[in-house]
Amino acid sequence: RDGDPADESGHGTHVAGIIGASVDNGIGIAGLADGAQVMALRAGFQMGGAGVLEDDDIAAAIVYAVDNGAHVINLSFGDPSFSPLLRDVIRYANDAGVLVVAAVGNEGDGDVFYPARLGETVAVAATADDGRVASFSNWGASVDIAAPGIGILSLSPGGSYTERSGTSMSAAHVSAAAALLL
């Protein structure tokens with residue numbers, strides 16, 4: 001909890017770029033939600049080459065977002081384990097009228113990850129170029145919608161661009177669409 005939203009892995013920057021990268025500036029890519037404001041909140045950190053997220057940090061970020069006027073919260077992460085704390089904080093967001101969009105996971109099986117499995121989220125799977133569910137995408141009865149998730153070009157820290165694949169990218173597409181609708 002250092003107040004520094006700097007992205008340690010590039011994942012958050014990539015997701016935020018899909019949603020809100022500058023449009024018509026003559027460089028790079030254009031975000032899908034032209035005019036949307038992105039509230040960059042880092043709830044995780046890098047350790048041993050892997051991203052680490054702890055429930056209390058995620059919960060604090062969600063509460064901060066809700067209390068500071070967010071209309072859509074993108075949760076481009078997941079875990080197979082249920083968290084009562086995350087359930088409660090997502091209910092808090094939902095009760096405040098905030099739409100919570102969550103990635104279903106990238107294990108290619110029928111077990112949708114939490115928090116996407118919660119009824120208060122919009123659970124997003126990934127599609128391949130042919131429109132079918134991507135081979136890596138989790139799937140199941142909890143999935144609400146699917147969106148592009150393979151080879152998505154977006155921002156990378158330091159001003160470069162990179163392609164990434166995953167339900168995180170798909171959730172960013174749905175979050176952008178929700179922001180446009182709102």
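Going by the structure above, here's the rest.
Note that this is a predicted model, so its numbers are computed, not measured.

The rules behind each value
- Residues numbered from 1 in each chain as written.
- Predicted model: local features only at pLDDT ≥ 70, side-chain atom pairs only at ≥ 80, totals over all residues.
- Heavy atoms only, no water.
- 1 Å grid on protein atoms, 1.4 Å probe; cavity = no way out; pocket = protein on both sides within 12 Å on 5 of 7 lines; lining within 4 Å.
- Points joined across faces, edges and corners; volume = space filled by probe spheres on them.
- Helix = DSSP H or I, 4+ residues; strand = E, 2+ residues; numbered from the N terminus.
- Nonpolar A, V, L, I, M, F, W, Y, C, P; charged D, E, K, R; others polar.
- Pairing = 2+ DSSP bridges.
- Salt bridge = Lys/Arg side-chain N within 4 Å of Asp/Glu carboxyl O.
- Buried < 20%, exposed > 50% of the residue type's maximum accessible area, 1.4 Å probe, protein only.
- Axes fitted to C-alpha atoms, helices over the stretch in contact; angles between N-to-C directions.
- Parallel < 35°, antiparallel > 145°, perpendicular 65-115°, else oblique.
- Contact = heavy atoms within 4.5 Å.
- Core = buried A, V, L, I, M, F, W, Y, C linked by side-chain atoms within 4.5 Å.
- Left-handed = near helix turned anticlockwise from the far one by under 90°.

A. Inspection of the layout of surface pockets at higher detail. Here the largest pocket defines a volume of roughly 1,600 Å³. Around the largest pocket, the lining comprises 50 residues; the ones closest to its centre are Gly12, Val15, Leu41, Asn74 and Ser76. When residues of the lining of the largest pocket are traced back to their parent elements, those giving at least two are helix 1 (11-20), strand 1 (44-47), strand 2 (50-53), helix 2 (55-67), strand 3 (72-75) and helix 4 (167-181). In terms of residue count, helix 1 provides more of the lining of the largest pocket than any other element does, six residues in total. Residues of the lining of the largest pocket, tallied by class, amount to 27 nonpolar, 19 polar and four charged.

B. Region of interest: the pairing of strand 7 (residues 152-156). With five bridges joining them, strand 7 and strand 8 (residues 160-164) adopt antiparallel strand pairing. Across the sheet, Ile152 pairs through a bridge with Arg164, a residue of strand 8.

C. Here's a closer look at the pattern of salt bridges. Overall, the coordinates contain two salt bridges when judged by the stated rule. Measuring nitrogen to oxygen at the nearest pair gives 3.1 Å for the salt bridge that ties Glu120 to Arg91. Taken together, the positions of Glu120 in the loop between strand 4 (99-103) and strand 5 (121-127) and Arg91 in helix 3 (residues 84-95) put the pair 29 residues apart, joining distant regions of the chain. Residue classification places Arg91 among the partly exposed positions, given a relative accessible area of 39%.

D. Looking closely at the packing of helix 2 against helix 3. One way to put it is that helix 2 packs onto helix 3 with a least axis distance of 10 Å and a crossing angle of 5 degrees. On the basis of the axis angle, helix 2 is roughly parallel to helix 3. In this structure, helix 2 uses Asp55, Asp56, Ile58, Ala59, Ile62, Val63, Val66 and Asp67 to contact helix 3, whose residues at the interface are Leu85, Leu86, Val89, Ile90, Tyr92 and Ala93. Per-class residue counts for the contact of helix 2 with helix 3 are eleven nonpolar, no polar and three charged.

E. A look at the nonpolar core. With 25 residues, the main nonpolar core has Ile62, Ile73, Leu75, Ile90 and Ala93 as its most contacted residues. Every element with two or more residues in this core is listed here: helix 2, strand 3, helix 3, strand 4 and strand 5. For this core, the element with the most residues is helix 2, which contributes six residues. Setting aside anything within four residues of it in sequence, one finds Ile62 in contact with Ile73, Leu75, Val89, Ile90 and Ala93.

F. Representation of the pairing of strand 5. The element strand 5 is extensively covered by neighbouring structure, given that six of its seven residues are classed as buried. Bridge count for strand 4 against strand 5 is four bridges, and the pairing is parallel. Bridge pairing links Ala102 to Ala123 in strand 5. When strand 5 meets strand 6 (residues 145-148), the two strands line up parallel, connected through four bridges. Across the sheet, the residue bridging to Ala126 is Ala147, located in strand 6.

G. Spatial organisation of the packing of helix 1 against helix 4. Between helix 1 and helix 4, whose axes approach to 8 Å, the crossing angle comes to 35 degrees. The two elements helix 1 and helix 4 cross, and the hand of that crossing is right-handed. Contacts between helix 1 and helix 4 involve His11, His14, Val15, Ile18 and Ile19 from the first element and Ser168, Met169, Ala172, His173, Ser175 and Ala176 from the second. In terms of residue class, the contact of helix 1 with helix 4 is built from six nonpolar, five polar and no charged.

H. Representation of the sheet that holds strand 4. Pairing in this open sheet of four strands is parallel, and the strands run 3-4-5-6 from one edge to the other. In this open sheet, the two strands that pair with only one neighbour each are strand 3 and strand 6. Averaged over all adjacent pairs, the angle separating strand axes in this sheet is 30 degrees, with direction ignored.

I. A look at the environment of Gly151. Within the element layout of this structure, Gly151 appears in the loop between strand 6 and strand 7. The exposure class assigned to Gly151 is partly exposed, which follows from its relative accessible area of 31%. In sequence terms Gly151 and Ser165 are 14 residues apart; their C-alpha atoms lie 5.2 Å from each other. Those residues in contact with Gly151 that lie beyond four places of it in its chain are Glu163, Arg164 and Ser165.

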